[in-house]
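Here's the letter readout for the chains.
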Amino acid sequence: MNQSFIHLRVHSEYSIVDGLLRIPSLINRTVELQMPAIALTDFSNMFALVKFYRAAIAAGVKPIIGADVLVNEANQQDRFRIAILCMNNEGYQNLTELLTRAYIKGQSGGQPTIERAWLEELNAGLLILSGGREGDLGKLILKEADDRAIHCLDHWLNVFADRFYLEVQRTGREGEELYNQRVFELASRKQVPVVATNDVRFLTAEEFEAHEVRVCINQGRILSDSRRPRHYSDQQFLRSAAEMEELFADAPAALANSIEIAKRCNVTLEFGKNVLPEFPIPDRRSPDEYLRDQSAAGLEQRLLQLTATGITVDPEKYQQRLEVELRVIERMGYSGYFLIVADFTQWARQNGVPVGPGRGSGAGSLVAYVLGITDIDPLQYDLLFERFLNPERVSMPDFDIDFCMAGRDRVIDYVATRYGREKVSQIIT
């Protein structure tokens, strides 16, 4: 990297509470500034991760993945902020786990919060920026609690060693210069690296007022309220490397360390690979074999039912269609998916939960019909299987299944209990 500075603390609009940056604009501006990498550290989330990663890679920019988080003090009475960056894929998995715990177990004052003990437990592959004035160390430094500040720093170094950086900012906010002066002294005394960030919230200085409007909406205040807290300044924009060099002309090492950190953070994400829970097969058969056996038995039953109602059928035609579908399902690796859907659909019917006959493209599958997922004979109505699953247009199959509102929660609970609650989620659009 030939640049002199990389932004490591950036909030996008996905921070919800205090960010305006849109991902395309962020990446375009990064390219204009000729920065080879940039970090995204949204507040307590990685909602923008996929969009950010894809846009950065497409533009030839190295994406650095992280989050700005709240951490609970051991006494549960105070919270502080730090930034966490992922050095590798193990770190990415650990940050994912930390944020998940924060939302599920760590809600504090309406905000997801990480326990310090969790951070110590799941620290592999993670790098910490101290949080500047808002970090636990920063708060102690501003209080001139020197002994406690040193103890706090030693604790961080004991857990993270060379993965902990003292963070400095010059954005014109209250207490910054006093903090910077003292933190530089502490860094020199303890031989701990310092890194400069600009705590970015918007693209240009002109967007500051729009950002304040967003902050006021979040806080339930109005812009003209003289009593509202001012946590931000118009200097928190995406500065160029030259602007940062001028700002930290007396501390070139703080800029150089941003480059070193960028080099240390290397997460590689893989898209398009679907990971499904395993269907519990009662013997040593493979999912493909088990699906074939279940489909053959189901087809026999369906043909008997059709014949009993007076419908003339050609068994050979059904067998041929079934074979075609099974080959496609096996080739695309979705045997387990069909077995899982058939399992919870059958459970619903057996446990008094009304299930719709099927709709959408899934109704064109004979395999779905013989397994009991749908109740519509696709051959009788000339429905096409290829609209549902087509090897020339690879995508996850998606059954539209209607469950009675009165029993839908029971079906979801059954799926979560059988396959693992961590493998089941509800999506709203």
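Report follows, based on the coordinates. Bear in mind the structure is a predicted one, so any value in this text is a computation, not a measurement.

What follows deals with the pattern of salt bridges. If you walk through the whole model with that rule in mind, you get 33 salt bridges. Across the pair D199 and R173 runs a salt bridge whose closest N-O atoms are separated by 3.0 Å. With a gap of 26 residues between them, D199 in the loop between strand 9 (194–196) and helix 8 (208–219) and R173 in the loop between strand 8 (164–168) and helix 7 (176–190) connect regions that are remote in the sequence. The partner of R221 in a salt bridge is D225, and the shortest N-O contact between them spans 3.3 Å. On the accessibility criterion, D225 (15% relative accessible area) is buried. Via salt bridges that share partners, D18, R173, E176, D199 and R201 belong to a single interconnected network.

Once that is clear, we can look at the packing of helix 6 (residues 146–160) against helix 7. Packing of helix 6 against helix 7 leaves a shortest axis separation of 12 Å and a crossing angle of 60°. One element, helix 6, and the other, helix 7, form an angle in the oblique class. The hand of the helix 6/helix 7 crossing is right-handed. Between helix 6 and helix 7, the contacting residues are I150, L153 and D154 on the first element and L186, R189 and K190 on the second.

This next bit is on the environment of G362. For G362, the location among the structural elements is in the loop between helix 13 (335–350) and helix 14 (366–371). Between the C-alpha atom of G362 and that of T374, which follows or precedes it by 12 residues, the distance is 7.9 Å. The residues contacting G362, other than those within four sequence positions of it, are A368, T374, F388 and F399.

The end-to-end C-alpha distance of helix 7, which contains 15 residues, comes to 20 Å, matching closely the 21 Å that a straight helix rising 1.5 Å per residue would cover. Listed in full, the buried residues belonging to helix 7 are E176, Y179, N180, R182, V183, L186 and A187. Close packing links the buried residues of helix 7 with helix 5 (136–142), helix 6, strand 8 and strand 9. Just past helix 7, the residue Q191 takes up positive phi, approximately 55°.

This part takes up the nonpolar core. Among the nonpolar cores identified, the biggest contains 67 residues, and I65, I82, I84, W156 and L166 are the most heavily contacted of them. Top contributing element to this core by residue count: helix 6, with six residues. Here W156 is in contact with F80, I82, R116, L119, I128, D136, A161 and F164, once residues within four sequence places are set aside. With 44 residues, the next largest nonpolar core counts L299, L339, A348 and L371 among its residues.

Conventions we followed
- Residues numbered from 1 in each chain as written.
- Predicted model: local features only at pLDDT ≥ 70, side-chain atom pairs only at ≥ 80, totals over all residues.
- Heavy atoms only, no water.
- Salt bridge = Lys/Arg side-chain N within 4 Å of Asp/Glu carboxyl O.
- Helix = DSSP H or I, 4+ residues; strand = E, 2+ residues; numbered from the N terminus.
- Buried < 20%, exposed > 50% of the residue type's maximum accessible area, 1.4 Å probe, protein only.
- Axes fitted to C-alpha atoms, helices over the stretch in contact; angles between N-to-C directions.
- Parallel < 35°, antiparallel > 145°, perpendicular 65-115°, else oblique.
- Left-handed = near helix turned anticlockwise from the far one by under 90°.
- Contact = heavy atoms within 4.5 Å.
- Expected span 1.5 Å × (residues − 1).
- Core = buried A, V, L, I, M, F, W, Y, C linked by side-chain atoms within 4.5 Å.

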